[in-house]
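Here is how the chains run, residue by residue.
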Amino acid sequence: MQLNISDSWKNILQTEFEKSYFKDLTEFVKSEYKNHTCYPQEKDIFAAFNACSFEDLKVVIIGQDPYHGKGQANGLCFSVKDGIKHPPSLVNIFKELQTDVEKKPPVSGDLSTWAQQGVLLLNATLTVKEGEAASHQKQGWEQFTDAVIAQISTQKEDVLFLLWGKFAEKKGSIVDTSKHHVLTTVHPSPLGAWRGWFGSKHFSKANSILKKLGSSEIKW
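Nothing here was measured: the structure is a model prediction, and the numbers come from that model.

Focus on unusual backbone geometry
(1) Moving on: Residues Y39 and P40 are joined by a peptide bond in cis, for which omega reads -5°.
(2) Moving on: Structurally, P40 is set in the loop between β1 (38-39) and α3 (47-51).
(3) Moving on: One non-glycine residue, A134, lies in positive phi territory at about 70°.
(4) Moving on: Inspection of the secondary structure assignment puts A134 in the loop between β4 (128-129) and α6 (141-155).
(5) Moving on: When its relative accessible area of 35% is taken as the criterion, A134 is described as partly exposed.
(6) Moving on: Positive phi values are uncommon outside glycine, yet K201 reaches one of about 55°.
(7) Moving on: Along the chain, K201 turns up in the loop between β6 (181-185) and α8 (202-212).

This is how it looks when you write it as C-alpha cells:
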C-alpha cells in the first residue's frame, strides 16, 4: 500500500504508521489489491487527506465503507467519480441540499469541491473489495480512523462534526464536545432517510455555525 498522504497529515499521524497494527493492515491491503479488484484505486486510498489539509480542516463528515461498485469510489466518503451515476445516499444528500440551501443537484457526484474548502470526507474503512461491502472491516482501518478523529479532537478547536446515522455517531463519540461542535441526524440512505434526514438542514446549520466562528462558509 502506497502511503500517499500529504505532509500536513503525515506529521500528525506518523506514530500510527509505525504501530504494529498499521503494518499488518498495510500487508493485508497490499495482498488484497494484488489478488482482487479493490476500491478506490490505490493512489486514492488517502485522497480525503490530500484534498483537505490538517491546517484547513473545519468540518468532518464520517462515512462507513467506500462504494464497492466498479468505478465509483474516489477516496472521499459519499463521493463518486465524474460521470458515475449517483448512488442512492448521494441522491438523498443532494435532495436535502436543494431544499435546505436551494442548490440545484450537481451533475457530478464528486465532492472534491467540499474537501478543498476544508471538509474532511472520512470513511471509517478506507478500502473495500469489489462487490463485497464491509470486506475490509476489522483489519485495522477503524483503529486508524479513530486515531485520526482523536488527533483532530485533541489538536484542533471549533471543528464541526456532521454525524449522519448511528455508525457515525458512535465513531464521533471520541470527539471532545467541550471544544468542538457536533450535529447529528439519521443516515441519508433510502432505508431511513425519511426518519429525519430530509429536513435536517445540516448544510445551512453548518454554515450558520461557521459564520458565528468567524470562518468562511462552505459553498455546498
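Further notes follow.
Considerations on the pattern of salt bridges
(1) Moving on: As enumerated under the stated definition, the model contains six salt bridges in all.
(2) Moving on: The partner of K30 in a salt bridge is E27, with the nearest N and O atoms 3.8 Å apart. Of the two residues, K30 and E27 are both situated in helix α2 (residues 20-35); the distance of three residues between them amounts to about one turn of the helix.
(3) Moving on: With its nearest N and O atoms 2.9 Å apart, the salt bridge here joins K171 to D146. Taken together, the residues K171 in helix α7 (residues 166-171) and D146 in helix α6 connect sequence positions 25 residues apart.
(4) Moving on: Judged by relative accessible area, which is 6%, K171 ranks as buried.
(5) Moving on: With a relative accessible area of 30%, D146 lands in the partly exposed category.

Brief notes about the packing of aromatic side chains
(1) Moving on: Within this structure, the stated rule accounts for 19 aromatic pairs.
(2) Moving on: Judged by centre distance (6.2 Å) and plane angle (80°), the rings of F46 and F144 are edge-to-face. With F46 in the loop between β1 and α3 and F144 in helix α6, the pair connects residues that are 98 residues apart, well separated along the chain. The same class applies to F46 as to F144, namely buried.
(3) Moving on: Ring geometry for W164 and F203: centres 6.1 Å apart, planes at 70°, overall edge-to-face. With W164 in strand β5 (residues 160-164) and F203 in helix α8, this pair connects stretches of sequence that are 39 residues apart. There is no split in this pair, since W164 and F203 are both buried.

Side note on the packing of helix α1 (residues 7-17) against α6
(1) Moving on: Taken N-terminus to C-terminus, the directions of α1 and α6 make an angle of 130°; their axes are 10 Å apart at the nearest point. By the angle between their axes, α1 is oblique relative to α6. The chirality of how α1 crosses α6 is right-handed. When α1 is examined against α6, the residues W9, I12, L13, E16 and F17 are found in contact with a partner set consisting of F144, A147, V148, Q151, I152 and Q155.
(2) Moving on: Looking at the contact of α1 with α6 residue by residue, the classes come out as eight nonpolar, two polar and one charged.

Here we look at the pairing of strand β2 (residues 59-63)
In the case of a regular strand, side chains alternate between the two sheet surfaces.
(1) Moving on: Within β2, five of the five residues are buried, which leaves it mostly tucked inside the rest of the structure.
(2) Moving on: Pairing of β2 with strand β3 (residues 119-123) involves five bridges; the strand directions are parallel. From the neighbouring strand, I61 faces β3, where its bridge partner is L121.
(3) Moving on: Here β2 runs beside β5; their pairing, made up of three bridges, is parallel. Bridged to I61 within β5 is L162.

Things to note about empty space enclosed by the protein
(1) Moving on: Summed over the entire model, instances satisfying the criterion amount to one cavity of 30 Å³ or more.
(2) Moving on: There is about 40 Å³ of room inside the largest cavity.
(3) Moving on: Along the walls of the largest cavity sit I62, G63, Q64, F78, W164, F167, A168 and H187, which together make up its complete lining.
(4) Moving on: Elements with a contribution of two residues or more to the lining of the largest cavity: β2 and α7.
(5) Moving on: Within the lining of the largest cavity, the residues separate by chemical class into five nonpolar, three polar and no charged.

Cut-offs and rules
Residues numbered from 1 in each chain as written. Predicted model: local features only at pLDDT ≥ 70, side-chain atom pairs only at ≥ 80, totals over all residues. Heavy atoms only, no water. Helix = DSSP H or I, 4+ residues; strand = E, 2+ residues; numbered from the N terminus. Buried < 20%, exposed > 50% of the residue type's maximum accessible area, 1.4 Å probe, protein only. Salt bridge = Lys/Arg side-chain N within 4 Å of Asp/Glu carboxyl O. Phe/Tyr/Trp six-rings, centres within 6.5 Å; stacked < 30°, edge-to-face > 60°. Axes fitted to C-alpha atoms, helices over the stretch in contact; angles between N-to-C directions. Parallel < 35°, antiparallel > 145°, perpendicular 65-115°, else oblique. Left-handed = near helix turned anticlockwise from the far one by under 90°. Contact = heavy atoms within 4.5 Å. Nonpolar A, V, L, I, M, F, W, Y, C, P; charged D, E, K, R; others polar. Pairing = 2+ DSSP bridges. 1 Å grid on protein atoms, 1.4 Å probe; cavity = no way out; pocket = protein on both sides within 12 Å on 5 of 7 lines; lining within 4 Å. Points joined across faces, edges and corners; volume = space filled by probe spheres on them.

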